Protein chains: 2
Amino acid sequence: MNDSYLNFVNSPFGGRLARSLGLPKPEVLRRYRADQPEFGGLVAIGAGREPQLLDALANLVASIGVITSVAHESAGLWVPLANRHGLMTGRFEPADSSSQGRLAALLFDASGIEDSTQLEPLHDFFHDTLRSLGKCGRIIVLGRPPESCATPRQWTAQRALEGLVRSLGKEARRGITANLVYVEQGAESRAEATLRFFLSPRSAYVSGQVVRIAAAGAGHEPMPGIDWQEPLAGRRAVVTGAARGIGASIASVLAAEGAHVIGIDIPAAREALDATMRQLNGTALAFDIAAPEAPAQIAAALDEQGVDIVVHNAGITRDKTIAKMTDAAWQSVIDINLCAQERIDDALLAAGILRDGGRIIGVSSISGIAGNLGQTNYATSKAGVIGRVQSMAPHLRARGITINAVAPGFIETQMTAKIPLAIREAGRRMNSMSQGGQPVDVAQTIAWLAHPGSAGVSGQVVRVCGQSLIGA
Amino acid sequence: MNDSYLNFVNSPFGGRLARSLGLPKPEVLRRYRADQPEFGGLVAIGAGREPQLLDALANLVASIGVITSVAHESAGLWVPLANRHGLMTGRFEPADSSSQGRLAALLFDASGIEDSTQLEPLHDFFHDTLRSLGKCGRIIVLGRPPESCATPRQWTAQRALEGLVRSLGKEARRGITANLVYVEQGAESRAEATLRFFLSPRSAYVSGQVVRIAAAGAGHEPMPGIDWQEPLAGRRAVVTGAARGIGASIASVLAAEGAHVIGIDIPAAREALDATMRQLNGTALAFDIAAPEAPAQIAAALDEQGVDIVVHNAGITRDKTIAKMTDAAWQSVIDINLCAQERIDDALLAAGILRDGGRIIGVSSISGIAGNLGQTNYATSKAGVIGRVQSMAPHLRARGITINAVAPGFIETQMTAKIPLAIREAGRRMNSMSQGGQPVDVAQTIAWLAHPGSAGVSGQVVRVCGQSLIGA
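Residues numbered from 1 in each chain as written. Chains lettered and ligands numbered in written order. Predicted model: local features only at pLDDT ≥ 70, side-chain atom pairs only at ≥ 80, totals over all residues. Heavy atoms only, no water.

Examining the overall build of chain A
The number of helices and strands found in chain A is 16 helices and 14 strands. The C-alpha radius of gyration of chain A comes to 22 Å, within 12% of the 23 Å expected for a compact globule of 472 residues. Counting only C-alpha atoms, chain A reaches 65 × 60 × 45 Å along its principal axes. Relative to its full complement of 472 residues, chain A shows a buried share of 61%. In chain A, the share of contacts with a sequence separation of at least 24, taken over all contacts with a separation of at least 6, comes to 75%. Total accessible area computed for chain A in this model is approximately 17200 Å², and 52% of it derives from carbon and sulfur atoms. When the 44 positive and 43 negative side-chain charges of chain A are each reduced to one mean point, those points stand 6 Å apart. (Helix = DSSP H or I, 4+ residues; strand = E, 2+ residues; numbered from the N terminus. Rg over C-alpha atoms; globule rule 2.2 N^0.38 Å. Buried < 20%, exposed > 50% of the residue type's maximum accessible area, 1.4 Å probe, protein only. Contact = heavy atoms within 4.5 Å. Areas by Shrake-Rupley, 256 points an atom, 1.4 Å probe, with all protein chains shown as cover. Lys, Arg positive; Asp, Glu negative; His and termini not counted. Charge placed at Lys NZ, Arg CZ, Asp CG, Glu CD.)

This is how it looks when you write it as structure tokens:
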């Protein structure tokens, strides 16, 4: 659970030694703390031709409150707009040595780019500003979803942004994240929760990701006012596998956001589960989600008050190459990691226990995306979780329920602590952060997807992997 | 251009040394040679419940001719079916030491799997057979495209196959490839060219890929009879950047399949271009595709006879981190690698020079998928190529024109020979083949996409990367 190399190279002596030997020096990532301001510092704004999302950005900056902005020359429209929103703003001065590291975030509005010949402002902006971005800074590029563009030329240019953002994530280092947010036409007012997440230290280990914000369907209610301090107040959240590790962290973050958490874990983990739930004023339910009666048990336990958020975190591994893998090892992993999620969701949905506007979040894995040696069973189950999310999203749309998955990369847990050193070090370092993530990084990503403001995010898989190289 | 480690460890002395030191021993990949039989050996057939593609598989095996098959116990239906097709067949005997390495391919029909509780036969089949698969063997799993499944449960189960196939590719080693082919309902008769490619040594460096075969639209002609020996006879193919390297290899493979090749390259490469085209009885056109007049020039040169196949291979790199990248370096890479493709296609399409039933193939890159340090310009252009393919495919469907991209990983060329040793070795070894690919691997993949039998493959990106780890 401890990355001793990270600690060592960030000590005064270790840092000097690492420098003189030319060793990598992973940054200590800035993470969210309730006792520290979440946002702050200076944001630089850039834009391509005819940017359409500057208003949404101005609303965001005004809502967050403490950020002041500077306009890059590519975003001349920003200054009068920001002034109309009553924001402090200035002009970005080309990098000189004194400007290094003074920016907290780089935001680029690429929504108006309609052709690959119009991509140049992206170069101008990041060329001028990247060196001025400080440690653990944030890069967010905003565009329009390629598949809903009017012309192939526009689709092509919008799709090209992904290559840029992923490259920036790999170049920037120093704990900086780079993400791409595609905002559908008409979804401008639904982007704030997502932009806040990617700006915040809550997304410390989420980089190189592409997220789409969809507009509300016809007849949908406008988004209700959101309490940004306690967004989950009054909501009930089920978390499976909640006794320890990532599950306990998910429960704890959801509770901190105001949710009442119902934690589920196997009877053998009852003591830890009870302790975790006591701390969070939650409810402990000790039973095996793989048992045939589990869906009915959960439904019965939730029936009266229903539930708003379901997090399918429980999962197991039984690693072996396939020639040595027993049928029981295959079947138990598929059943617990995949079939149980399907059975539980279907029971809760059929009985209406998961309320309209609800949130389902599955835990997938980079193994489910890329496959893994010795994990045919696990990777199959986790790829199935991706299929589950993609297939259910359109079905649940009419009820305002979203379904998404997170796909953790290398996360420091008791499980990864048991991996042999050389393999562990490879997994830890082969990402843009040169370090493993923490359970709280997964938990915060889930909390964003569970947020009432994330109504436009559904059917998506978000990796929590520090932009791990491993992916295909 | 030479992997001296691969050669060394496959020499008698080097092999012994590598074994005693525990070093990896990449397999010498079997590649297609005109003077050797393309197919041969024993194929094991497995199936899930109610398999729907066994008939297509029997047709394939009969058409290829020289393959004999054995049925795994999961595919009891195979024996009578194969007998009806006049095929030699038997039953697969559970692995004993004598069976090791005697199979040439493992084919599994998963098309009837409708629920994640039905995945067990996949374990049974690969558990029993994987050790019997020989060097450079082939694994192909057939399924139904998740997004066209009738229920979320079926979509989920079909999507889960991807995790299995990618894991098998990583486990199998020994030059074995593993790929997943989703055959849409009604597209059964359009799968043969794709299955042949993935069975053949032509796909030596293509692994971990997912390909979809779409059914013909209403009113489409049935697929014409195909000359499997010279499938491109009578067709005309434009290849940009054809003077040397990957481009020359593409030209040569297309010519070997019967096409008349029109090779384009810049005037500075005229001599090499002329030499290459002379050898292939092709036509050399020396001009700069980035010039504004290029589309009209190409159109004029092709006008009378038109063209059937367009391969956008020409591309450049101008690597620098973005803070050091000049505007000219950004712009020239975007323009040559992306905008020029768009201009040329649009000119050929508007004038009807690219004939109905034509093929467009763009060359993308794993940098375009995953991004790369120092390649913001290149990765943006290559991600744009993916967007181009995805956006144009539906537009071109009515004319029977397909558009696809290949995304090479580490390919041994003059360009990669200049990469510093340590980085080159990392790129070479970080894939399931533990080696770089050859230009001919890219060329053969393009020839498959250019094939008249590939009418059902469009809008797709196929990596030629030996299942490189790098991908996100």
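Observations concerning the sheet that holds strand S2 (residues 68–71) of chain A
Residues and elements named next belong to chain A. A sheet is described by the order of its strands in space; here 7 strands give the open sequence S3-S2-S1-S4-S5-S6-S7, paired in parallel fashion. Pairing within the sheet leaves two strands with one partner each, and these edge strands are strand S3 (89–91) and strand S7 (210–213). Geometrically, the sheet is characterised by an average inter-axis angle of 25° between neighbouring strands, direction not taken into account. Across 6 bridges, the pairing between strand S4 (residues 103–109) and strand S5 (residues 133–143) is parallel. Residue Leu106 lies in a different strand from S5, and its bridge partner there is Ile139. Sheet strands in contact with helix H7 (residues 192–199) are S4, S5, strand S6 (177–183) and S7, and its direction is about 155° off that of S5. (Pairing = 2+ DSSP bridges. Axes fitted to C-alpha atoms, helices over the stretch in contact; angles between N-to-C directions.)

A short note on the interface of chain A and chain B
Contacts between the two partners involve 69 residues from chain A and, on the opposite side, 69 residues from chain B. Of the roughly 5800 Å² buried where chain A meets chain B, counting both sides, 58% is carbon and sulfur surface. In this assembly, chain A and chain B are joined by 4 salt bridges. At the junction of chain A and chain B, the tally comes to 36 residue pairs in polar contact (both at pLDDT 80 or more). Breaking the side of chain A that touches chain B down by element, the ones donating at least two residues are helix H5 (120–129), helix H6 (152–172), helix H11 (327–350), helix H12 (366–370) and helix H13 (376–396) of chain A. The residue makeup of the side of chain A that touches chain B, split by class, is 27 nonpolar, 25 polar and 17 charged. (Buried area = accessible area lost by both parts, 1.4 Å probe. Salt bridge = Lys/Arg side-chain N within 4 Å of Asp/Glu carboxyl O. Polar contact = N/O pair within 3.5 Å; in protein donor to acceptor, adjacent residues only side chain to side chain. Nonpolar A, V, L, I, M, F, W, Y, C, P; charged D, E, K, R; others polar.)

Observations concerning the relation of the copies chain A and chain B
Rotating chain A by 180° and moving it 0.0 Å along the rotation axis overlays it on chain B with an RMSD of 0.0 Å. Taken together, the turn and the small shift mark the pair as related by a two-fold rotation axis. Closest to the rotation axis within chain A is the C-alpha of Gly471 of chain A, separated from it by 2.0 Å. An overlap of 100% is found between the interface residues of chain A and their copies at the interface of chain B, pointing to a shared contact surface. (Least-squares fit on C-alpha atoms with pLDDT ≥ 70 in both.)

Description of the sheet that holds strand S5 (residues 133–143) of chain B
Residue and element names in this part refer to chain B. Read from one edge to the other, the open sheet built from 7 strands follows the order S3-S2-S1-S4-S5-S6-S7, with strand pairing classed as parallel. Edge positions in the sheet fall to strand S3 (89–91) and strand S7 (210–213), since each has one partner strand and no second. Ignoring which end each strand starts from, the neighbouring axes of this sheet average 25° apart. Sheet strands in contact with helix H7 (residues 192–199) are strand S4 (103–109), S5, strand S6 (177–183) and S7, and its direction is about 155° off that of S5.

Details of the UniProt feature "domain: Ketoreductase" (unreviewed entry) in chain A
On the UniProt side, "domain: Ketoreductase" (unreviewed entry) is annotated at positions that read residues 235–414 of chain A here. Structurally, residues 235–414 of chain A comprises 46% helix and 21% strand, and the distance from its first C-alpha atom to its last is 30 Å. (UniProt positions renumbered as here; feature names shortened; annotations may be inferred.)

Quick word on the nonpolar core
Trp78, Leu199 and Leu254 of chain A are the most contacted members of the largest nonpolar core, which totals 74 residues. Among the elements that make up this core, the one with the highest residue count is helix H16 (residues 439–450) of chain A (7 residues). Taken together, domain 1 (39–200) and domain 2 (236–464) of chain A each give at least three residues to this core, which thus spans both. Contacts of Trp78 of chain A, omitting those with residues within four sequence positions, involve Ile45, Leu54, Leu57, Ala58, Val61, Ser69, Ala71, Leu87 and Thr89 of chain A. Grouped together as the second largest cluster of nonpolar side chains are 73 residues, Leu29, Ala47, Val206 and Val462 of chain B included. (Core = buried A, V, L, I, M, F, W, Y, C linked by side-chain atoms within 4.5 Å. Domains from an automatic or database assignment.)

Focus on the pattern of salt bridges
Side-chain pairs of opposite charge can arise where the charged atoms are in close proximity. Throughout the structure, instances matching the rule amount to 48 salt bridges over all chains. The shortest N-O distance in the salt bridge between Asp356 of chain A and Arg399 of chain A comes to 2.8 Å. Taken together, the residues Asp356 of chain A in strand S12 (residues 354–363) and Arg399 of chain A in the loop between H13 and strand S13 (402–408) connect sequence positions 43 residues apart. You can call Arg399 of chain A partly exposed: its relative accessible area is 27%. Through salt bridges with shared partners, a single network forms among Asp115 and Arg153 of chain A together with Glu342, Asp345, Asp346 and Arg388 of chain B.

Concerning unusual backbone geometry
With glycine set apart, most residues show a phi of negative sign, and most peptide bonds adopt trans. Residue and element names in this part refer to chain B. The residue Glu50 is not glycine, and still its phi comes out positive at about 40°. Structurally, Glu50 can be placed in the loop between strand S1 (42–47) and helix H3 (54–64). Although it is not a glycine, Cys136 sits at a positive phi angle of roughly 55°. When you line up the elements, Cys136 lands in strand S5.

Comments concerning the confidence of the model for chain A
When pLDDT is averaged along chain A, the result is 93, and 97% of the positions lie at 70 or above. Interface confidence for the predicted complex, given as ipTM, is 0.95, next to a pTM of 0.96. (pLDDT = per-residue confidence, 0-100.)

Overview of helix H11 (residues 327–350) of chain B
Of all bends in H11 of chain B, the biggest is about 45°, found at Asp335 of chain B. Of the residues trailing H11 of chain B, Gly352 of chain B is marked for its positive phi of about 70°. (Bend = angle between axes of the 7 residues up to and from the residue.)

Some points on the side chain of Ser367 of chain A
Residues and elements named next belong to chain A. Position of Ser367 relative to the elements: it lies in helix H12. Polar side-chain contacts of Ser367 include one of 2.7 Å to the side chain of Gln375. Other than its neighbours up to four places away in sequence, Ser367 contacts Asn372, Gln375, Tyr378 and Ala379.

Thoughts on the domain arrangement of chain A
All names here are of chain A. Partitioning chain A into structural domains gives domain 1 (39–200) and domain 2 (236–464). Computed over C-alpha atoms, the centres of domain 1 and domain 2 are 32 Å apart. Summed over the shared surface of domain 1 and domain 2, the number is 3 residue pairs in polar contact (both at pLDDT 80 or more). Of all the secondary-structure elements, those providing two or more residues to the side of domain 1 that touches domain 2 are H6 and H7.

Structural notes on empty space enclosed by the protein
If you walk through the whole model with that rule in mind, you get 2 cavities of 30 Å³ or more. Within this model, the largest cavity holds a volume of roughly 40 Å³. The wall of the largest cavity is formed by Arg31, Tyr32, Pro201, Arg202, Val440, Asp441 and Gln444 of chain B. Counted as a void, the second largest cavity has a volume near 30 Å³. Thr240, Ile289, His312, Ala314, Ile336, Ala340, Gln341 and Ile344 of chain A are the residues that line the second largest cavity. With 4 residues, H11 of chain A is the largest single contributor of residues to the lining of the second largest cavity. In terms of residue class, the lining of the second largest cavity is made up of 5 nonpolar, 3 polar and no charged. (1 Å grid on protein atoms, 1.4 Å probe; cavity = no way out; pocket = protein on both sides within 12 Å on 5 of 7 lines; lining within 4 Å. Points joined across faces, edges and corners; volume = space filled by probe spheres on them.)

Overview of a nonpolar patch on the surface
All names here are of chain A. On the surface, a nonpolar cluster with roughly 460 Å² of combined accessible area is contributed by Phe8, Phe13, Leu17, Leu21 and Leu23. Tracing the backbone shows Leu21 in helix H2 (residues 12–21). Take Leu21: its relative accessible area is 57%, and that puts it in the exposed class. (Patch = residues over 30% accessible without salt bridge, like charges linked within 9 Å, V, L, I, M, F, W, Y side chains within 5 Å.)

Description of the environment of Ala243 of chain A
Residues and elements named next belong to chain A. Topologically, Ala243 is positioned in the loop between strand S8 (236–240) and helix H8 (245–256). Between the alpha carbons of Ala243 and Ala323 there is a distance of 33 Å; along the sequence they are 80 residues apart. If we ignore the near neighbours within four places in the chain, the residues touching Ala243 are Ala248, Asp265, Ala269, Ala272, Leu273 and Thr276.

Some thoughts on the packing of helix H10 (residues 294–302) of chain A against H11 of chain A
Residues and elements named next belong to chain A. The contact between H10 and H11 brings their axes to 9 Å, and the two run at 40°. The orientation of H10 relative to H11 falls into the category oblique. Handedness of the crossing formed by H10 with H11: right-handed. Here Pro295, Ile298, Ala299 and Leu302 of H10 come into contact with H11, specifically with Arg343, Ile344, Ala347 and Leu348. Here the contact of H10 with H11 is composed, by residue class, of 7 nonpolar, no polar and 1 charged. (Parallel < 35°, antiparallel > 145°, perpendicular 65-115°, else oblique. Left-handed = near helix turned anticlockwise from the far one by under 90°.)

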